Amino acid sequence: MTENRDMNELDGLTALIIEPHAGMRSTIHNMLTMCGLSKIDHVGSSNQAVKHLGVKPYDLILCEYALEGGQDGQQLLEDVRHHKLMPLSTMFFMVTAEGDYGKVVSAAELGPTDYILKPFTADLLLERIARGLERRNALLPVYELMEAGNQREAIAACVEGEARHPRYLVDFMRLRAELHMFLGEPAEAEPIYRQLVEKKAIAWARLGLAKTLFLRERYDEARDMLEDLVESNANFVDAYDWLARTHEAIGALDAAQAVLTEAVAVSPHAVRRLRKLGETALEAGDHDTAEKILKQVVSKAKYSEFKDPQDHVRLVQTLVRKGDPVQAAAVIRDLDKSMAFQKHTPLCSAIASSLVHEYTGNEARLAESLTTALAASRDAPDLRPDIKLELARTCIENGMEEGAAEVVRDVMRNAQNGAAVARAMAVFEKAGQAEMAQKLAMESRQQVVDLVATGAAKAKSGDYKAAVVLMQEAATKLPDNPQVVFNAALAILKCLDHDGWDERLGQQAIGHIAGVRRLDPVNPKLPALAGLHQQILKKYDKSPRVKKAG
């Protein structure tokens, strides 16, 4: 490939430079211009980058690893991928000093397209971008099918790509394994990961193999594999995360907390990991660790695009349990001031205030806070269940059983699984009301069954639009109930099949199917649901036009 051809291929590509130092931003901008790019934006911080990525996609991102403000480039990449702010086809290059390279390259499962070591020349940059572009062009047919929700054809495209582009065999095999995992088929993904491990003992392939075991509840095997992985690769933070999840799944909270503590020592600025450690310590009753970690979460998240007022509630919970209402009240003042315009701030402030007033015995203020919190919680289906259950506990222990029953019923209806229902039941059981716990569980279960049956009956009678309205409303109120989300997706697909294509409903169907995958990844009905979706896309000629790679 000649240099001129390289530059012609780059013409028209959009680029984002993420670099805290103005002089270096200018240097990289000039290099990209020399490489033939003209559509270039640049930002100085991770928050500015998140704002830009929320507005438009980029073909190419050049990100400095050593960002300022407590977050490095790898953590920004994890956040961007976690919140789906970047298309699969975006090339992400990490710019790093040679001294950091060893640490960076082994840090995470989700690596960038490539690393560029400083100092570098325009020629080297052009070579790396050309190499990344060649790889992207080979993988593009798979990316397009994945983003269109056509995972089955994406798997077939991977098999074809493996034959056409042997140079990218490992990339295609990895995507094929991830697609099987996405489709809830860990048994199909396992042999692919095993093949990859045999080809080369790649850390992410061993992690993928452990995940296939975890999803099939083979926790002991997953734990052994993950322990071996973190022992042999001390910087691989994703392996720590999955090891902690495995300990948590078998009820070993102390072990989960210990693993997360090690992960945080390796990666001290990742807010999501810190938050998980704080929550685990709080649940395990280690209030000293919970306080220390949750203070860090509140401090680090305050200036982040992903801040969450629920972090303040957990910190208040911890401080009250430690007998420190004065500091807890200061945290609530900080919440009201620093997150005044955040969703759920009034609700979180009321729940946190109720905990302080309960501790200090201020009954009038307690009743006022609980009344405010109960009213606001009705419009907060996405508030974390553990925080809602803390509200229910406060209600039940302070003579507001009806309010507690309403909250618990809501949590049960929206429960992801039986374990979540059991946690909700425990609120009444611990208050000596096991009978009420059973009654609420039965009522909640029946309400969901009746709701789904009503939607199915409307569809059966031919009133597909009414079925969609009913199930969409239900999914909005119960976004974590896999049965409800599944039936919302089914209602939309049946409506599209019988009443004709509607672009808005087509997008909502994709969202609900993704919701089922998140909530119940090994649901045996998922393949049939995804198959119906693909049939409908083909019926209305909405399947993506995939370019054949050269």
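Rules and cut-offs
Residues numbered from 1 in each chain as written. Predicted model: local features only at pLDDT ≥ 70, side-chain atom pairs only at ≥ 80, totals over all residues. Heavy atoms only, no water. Helix = DSSP H or I, 4+ residues; strand = E, 2+ residues; numbered from the N terminus. Rg over C-alpha atoms; globule rule 2.2 N^0.38 Å. Contact = heavy atoms within 4.5 Å. Core = buried A, V, L, I, M, F, W, Y, C linked by side-chain atoms within 4.5 Å. Buried < 20%, exposed > 50% of the residue type's maximum accessible area, 1.4 Å probe, protein only. Phe/Tyr/Trp six-rings, centres within 6.5 Å; stacked < 30°, edge-to-face > 60°. Lys NZ or Arg CZ within 6 Å of the ring centre and 35° of its normal. Salt bridge = Lys/Arg side-chain N within 4 Å of Asp/Glu carboxyl O. Pairing = 2+ DSSP bridges. Right-handed = clockwise from strand over helix to strand, strands pointing away. Expected span 1.5 Å × (residues − 1). Axes fitted to C-alpha atoms, helices over the stretch in contact; angles between N-to-C directions. Parallel < 35°, antiparallel > 145°, perpendicular 65-115°, else oblique. Left-handed = near helix turned anticlockwise from the far one by under 90°. Nonpolar A, V, L, I, M, F, W, Y, C, P; charged D, E, K, R; others polar.

### Points about the overall build of the protein
Link 1 in the chain: The helix and strand inventory of the protein stands at 27 helices and five strands.
Link 2 in the chain: Compactness check: the protein gives a C-alpha radius of gyration of 25 Å against a globular reference of 24 Å for 550 residues, within 12% of the reference.
Link 3 in the chain: In terms of overall dimensions, the protein has C-alpha extents of about 80 × 60 × 45 Å along its principal axes.
Link 4 in the chain: Within the protein, residue pairs in contact and separated by at least 24 positions form 62% of the contacts whose partners lie at least 6 positions apart.

### A closer look at the environment of Phe120
Link 1 in the chain: If you trace the backbone, Phe120 turns up in the loop between β5 (114–118) and α6 (122–147).
Link 2 in the chain: It is 13 Å that separates the C-alpha atoms of Phe120 and Leu62, two residues lying 58 residues apart in sequence.

### Describing the nonpolar core
Link 1 in the chain: Counting 38 residues, the largest nonpolar core has Tyr193, Leu196, Trp204 and Phe236 as its most contacted members.
Link 2 in the chain: For this core, the secondary-structure elements that each account for two or more residues are α8 (169–182), α9 (186–199), α10 (203–215), α11 (219–232), α12 (237–249), α13 (253–266), α14 (271–284) and α15 (287–301).
Link 3 in the chain: The element that contributes the greatest number of residues to this core is α10, accounting for eight residues.
Link 4 in the chain: Core analysis: the next-biggest nonpolar cluster, separate from the first, contains 35 residues, Leu347, Ala350, Ala405 and Phe428 among them.

### Things to note about the packing of aromatic side chains
Link 1 in the chain: This model, assessed by the stated rule, comprises three aromatic pairs.
Link 2 in the chain: With a centroid separation of 5.3 Å and an interplanar angle of 65 degrees, the aromatic rings of Phe214 and Tyr219 are classed as edge-to-face.
Link 3 in the chain: Residue class for Phe214 comes out buried when judged on its relative accessible area of 10%.
Link 4 in the chain: The buried category is assigned to Tyr219, whose relative accessible area is 19%.
Link 5 in the chain: Ring geometry for Phe214 against Trp242: centres 5.3 Å apart, planes inclined by 85 degrees, an arrangement best described as edge-to-face. Of the two residues, Phe214 is situated in helix α10 and Trp242 in helix α12; the sequence distance between them amounts to 28 residues.
Link 6 in the chain: Through pairs of rings, three or more aromatic residues link up here, namely Phe214, Tyr219 and Trp242.
Link 7 in the chain: Over the ring of Trp204 we find Arg174; its NZ or CZ atom is 4.0 Å from the centre of that ring.
Link 8 in the chain: Arg245 extends its terminal NZ or CZ atom over the ring of Trp242, reaching a point 4.2 Å from the ring centre.

### Quick look at the pattern of salt bridges
Link 1 in the chain: Within this structure, the stated rule accounts for 44 salt bridges.
Link 2 in the chain: The salt bridge partner of Asp79 is Arg272, with a shortest N-O separation of 3.5 Å. Residue Asp79 is found in helix α4 (residues 73–82), and its partner Arg272 is found in helix α14; the two are separated by 193 residues along the sequence.
Link 3 in the chain: Judged by its relative accessible area of 14%, Asp79 is buried.

### Focus on the pairing of strand β2 (residues 39–43)
Link 1 in the chain: Where strand β1 (residues 14–18) lies against β2, five bridges are found, and the strand directions are parallel. Directly across from Leu16, in β2, lies its bridge partner Asp41.
Link 2 in the chain: What joins β1 to β2 is helix α2 (residues 22–34), and the crossover it makes is right-handed.

### Description of the side chain of His533
Link 1 in the chain: Along the chain, the position of His533 falls in helix α27 (residues 526–539).
Link 2 in the chain: Apart from residues lying up to four places away in sequence, His533 is in contact with Ala148, Gly149, Leu493, Ile510 and Ile513.

### Notes on the side chain of Ser369
Link 1 in the chain: Of note, Ser369 is situated in helix α19 (residues 363–377).
Link 2 in the chain: The exposure class of Ser369 is buried, given its relative accessible area of 11%.
Link 3 in the chain: Not counting residues up to four positions away in its chain, the partners in contact with Ser369 are Ala350, Ser353, Ser354 and His357.

### Observations regarding helix α25 (residues 482–499)
Link 1 in the chain: Under the 1.5 Å per step criterion, the end-to-end length of α25 is 25 Å for 18 residues, consistent within 8% with the ideal 26 Å.
Link 2 in the chain: Regarding α25, the residues found buried are Pro482, Val484, Val485, Phe486, Asn487, Ala488, Ala489, Ala491, Ile492, Leu493, Cys495 and Leu496.
Link 3 in the chain: Residues of α25 that are buried sit in contact with α23 (434–460), α24 (464–477), α26 (503–519) and α27.
Link 4 in the chain: The positive-phi residue at the C-terminal boundary of α25 is Gly500, with phi of around 105 degrees.

### So, the packing of helix α16 (residues 310–321) against helix α20 (residues 385–396)
Link 1 in the chain: Contact geometry for α16 and α20: axes closest at 11 Å, N-to-C directions at 45 degrees. One finds that α16 runs oblique with respect to α20. Where α16 crosses over α20, the two elements pack in a sense that is left-handed. On α20, the residues that touch Gln310, Val313, Arg314, Gln317 and Arg321 of α16 are Asp386, Ile387 and Glu390.
Link 2 in the chain: In the contact of α16 with α20, the residues fall into two nonpolar, two polar and four charged.

### Details of the sheet that holds β5
Link 1 in the chain: Taken together, the five strands give an open sheet; going across it, the order is β2-β1-β3-β4-β5, and neighbouring strands pair in parallel fashion. The open sheet has two edge strands with one neighbour each: β2 and β5. Taken pair by pair, the neighbouring strands of this sheet meet at an average axis angle of 20 degrees, ignoring direction.
Link 2 in the chain: Sheet topology note: the strand β3 (residues 60–64)/strand β4 (residues 91–97) ladder contains five bridges and is parallel. Its bridge partner lying in β4, Glu64 is registered against Val95.
Link 3 in the chain: Sheet strands touched by α2: β1, β2, β3 and β5. Its angle to β2, the strand with the most contacts, is close to 165 degrees.

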